[in-house]
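Spelled out, the chains give:
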Amino acid sequence: MSGNQLCCQRHEEMEVTEEGRRQVEEQVEQLLAGQGSEVSGCDVGLDQSKPATLRKNVTYIVCGVIFNDKEEVLMVQEAKQDCYKLWYLPAGRVEVGESLGEALRREVRQHTHTRTHTHTHTHTHTCVEAVCLQVKEEAGFDCEPITLLLIQEQGPQWIRFIFLARVTGGNIKSLPAADQESLQASWWDRQSVLPLRGRDILRLIDCGLKYRQDPWHPVTLPVDLSCRHVLQRLVLVFTNSDEQIWILLLKAPGLHLPTAAAVKTHAVTWAANMVVQEAMPSAYHDHDVNTLGVFSLQHNGRQHGKTDGVCFNTLVALVPDRVQRNEDGEKVAFIPAGQPPPVENPRYVWLEVRKPTLREKLLEKTKNTSILPLHSLY
């Protein structure tokens with residue numbers, strides 16, 4: 001970075017008011033604590049995104065990893081013709097009007113409970129407790145999510161939310177109670193032979209076991225805040241060898257963390273790349289944009305087509321490419337940068353984190369990635 005660029009960056013940071021700095025630091029601390037923050041707008045990519053609408057342009061899958069005291073995992077035997085008699089974790093699509101937690105509870109009930117009578121009950125977002133009580137009357141499995149274990153995505157159009165959950169009551173479904181949802185449920189010791197619908201669940205089961213033994217990220221559950229699009233809110237940081245840390249911000253309206261819309265042609269996390277491309281195009285190709293994970297996520301789902309979106313509050317690291325080349329394409333020695341690359345777009349500014357406790361938390365998360373993983377399956 002040249003002397004003029006460094007001077008300009010310091011001048012821009014001096015323009016940040018103490019009140020603005022305080023508000024940003026409070027918001028980051030809130031996200032670090034697993035809480036949410038209202039989505040007031042989208043800064044990048046909105047023109048390439050459409051409002052999320054279940055059954056139209058987005059599909060959300062919930063999947064439950066549930067163990068008993070013997071560390072056996074709950075499995076269900078499929079009733080669908082294309083995977084008849086094969087076994088899988090309790091999983092299924094989120095339905096219109098559901099939150100993610102409600103969808104998980106419903107899927108576990110549908111696949112594992114024993115029906116003792118055939119009354120029909122209409123499910124709405126506002127009667128979850130009543131539904132749970134009714135299911136208990138039917139002697140079915142109730143469950144409660146403990147934490148999200150992992151999020152997998154193939155762009156905003158397909159996102160799977162894997163929960164670690166616990167059984168809170170009921171009886172396991174046996175073969176005489178087979179229906180169109182599933183044939184039966186069983187606890188699997190992971191040693192006996194079981195024909196699986198897909199081996200992808202083995203990784204999820206392993207992930208659940210490891211979390212039970214040594215939780216590597218805080219308990220993370222969806223926050224009930226509405227969002228219209230699938231968005232990535234960025235706590236985008238740059239660190240140097242002296243453990244200084246900066247956060248990239250937008251200046252208006254009011255100093256705030258950047259929010260970018262996911263586009264269907266790319267992974268959800270590509271939104272972070274779009275922000276860096278807009279803020280500092282010259283530095284983009286010399287840096288890696290790494291979404292390290294999710295502090296928290298926001299979803300509501302009450303109004304179809306209006307609140308079907310999800311906002312992922314993510315930690316993103318901007319890391320210099322250690323393979324540096326000159327104009328002739330020859331490799332040159334890597335020199336660690338002491339300052340973040342200069343912003344070229346006047347909408348943006350780097351802000352150095354000065355609050356010691358926040359700085360230490362961000363550095364720890366950046367080094368150990370001790371937050372909820374978000375994996376692209378592209």
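Definitions and limits used
- Residues take numbers from 1 onward in each chain, read along the sequence in its written order.
- Where totals are concerned, whole chains, interfaces and linings use all residues; where local detail is concerned, this predicted model gives features only for residues with pLDDT of at least 70, and gives and counts side-chain atom pairs only at 80 or more.
- Only hydrogens and water are set aside; all other atoms, that is, all heavy atoms of the structure, feed into the side-chain values.
- A run of DSSP states H or I qualifies as a helix once it reaches four residues; a run of E qualifies as a strand once it reaches two. Both are numbered from the N-terminal end.
- By the convention used here, residues are in contact when the closest approach between their heavy atoms is within 4.5 Å.
- Accessible surface is estimated by sampling points in the Shrake-Rupley manner with a 1.4 Å probe; for residues, cover comes only from the protein chains shown.
- We call a set of buried Ala, Val, Leu, Ile, Met, Phe, Trp, Tyr and Cys residues a nonpolar core when their side-chain atoms join them within 4.5 Å.
- For every residue, the accessible area (1.4 Å probe, protein chains only) is compared with the maximum for its type, and the residue is labelled buried under 20%, exposed over 50%, or partly exposed between those bounds.
- A pair of strands is considered paired only if DSSP assigns at least 2 bridges between the two.

A.B. asks: Just to check I follow, could you spell out the overall build of the protein for this structure?
C.D. replies: Regarding its fold elements, the protein presents eight helices and 16 strands. The contacts in the protein between residues at least 6 apart in sequence include a share of 75% that link residues at least 24 apart. Summed over its atoms, the accessible surface of the protein is roughly 18000 Å², and 49% of this surface lies on carbon and sulfur atoms.

A.B. asks: Mind showing me how you'd approach the nonpolar core here?
C.D. replies: What tends to happen in soluble globular proteins is that the nonpolar side chains get buried as a cluster. Counting 31 residues, the largest nonpolar core has Tyr60, Ile151, Ile159, Phe161, Val230, Leu297 and Phe312 as the members making the most contacts within it. Elements with a minimum of two residues in this core: strand 1 (59-66), strand 2 (73-78), helix 3 (100-112), strand 5 (142-153), strand 6 (158-169), strand 11 (287-299) and strand 12 (310-320). Those residues in contact with leucine 297 that sit more than four places away from it in its chain are Leu100, Leu148, Ile151, Phe161, Leu221, Pro222, Val223, Val310, Cys311 and Phe312. Counting 24 residues, the second-largest nonpolar core is a separate cluster that includes Leu234, Phe238, Trp246 and Ala271.

A.B. asks: I'm lost on the sheet that holds strand 2 in this one. Help?
C.D. replies: Strand pairing in a sheet relies on backbone hydrogen bonds. The paired strands run either parallel or antiparallel. Across the sheet, three strands lie side by side as 3-2-7; this open sheet has antiparallel pairing. Where the open sheet ends on each side, the last strands, each with one partner, are strand 3 (87-88) and strand 7 (182-188). In the sheet, strand 2 pairs with strand 7 via six bridges, with the strands oriented antiparallel. Residue pairing in the sheet places valine 76 in a bridge with alanine 185 of strand 7.

A.B. asks: What exactly am I supposed to notice about the pairing of strand 5 here?
C.D. replies: Two faces make up the sheet, and in a regular strand the side chains alternate between them. Within strand 5, 10 of the 12 residues are buried, which leaves the element mostly enclosed by the surrounding structure. One ladder, built from 10 bridges, connects strand 5 with strand 6; its direction is antiparallel. Its bridge partner lying in strand 6, isoleucine 151 is registered against phenylalanine 161. The hairpin formed by strand 5 and strand 6 contains four residues between the paired strands, and glycine 155 there has a positive phi angle of roughly 85 degrees. Alignment of strand 5 against strand 16 (residues 374-376), held across three bridges, turns out to be parallel. The residue of strand 16 that forms the bridge with isoleucine 151 is leucine 374.

A.B. asks: What exactly am I supposed to notice about the side chain of glutamine 152 here?
C.D. replies: With respect to the element layout, glutamine 152 can be found in strand 5. Judged by its relative accessible area of 5%, glutamine 152 is buried. For glutamine 152, the residues in contact, after removing those within four places along its chain, are Trp158, Ile159, Arg160, Ile162, Arg203, Leu204, His375 and Leu377.

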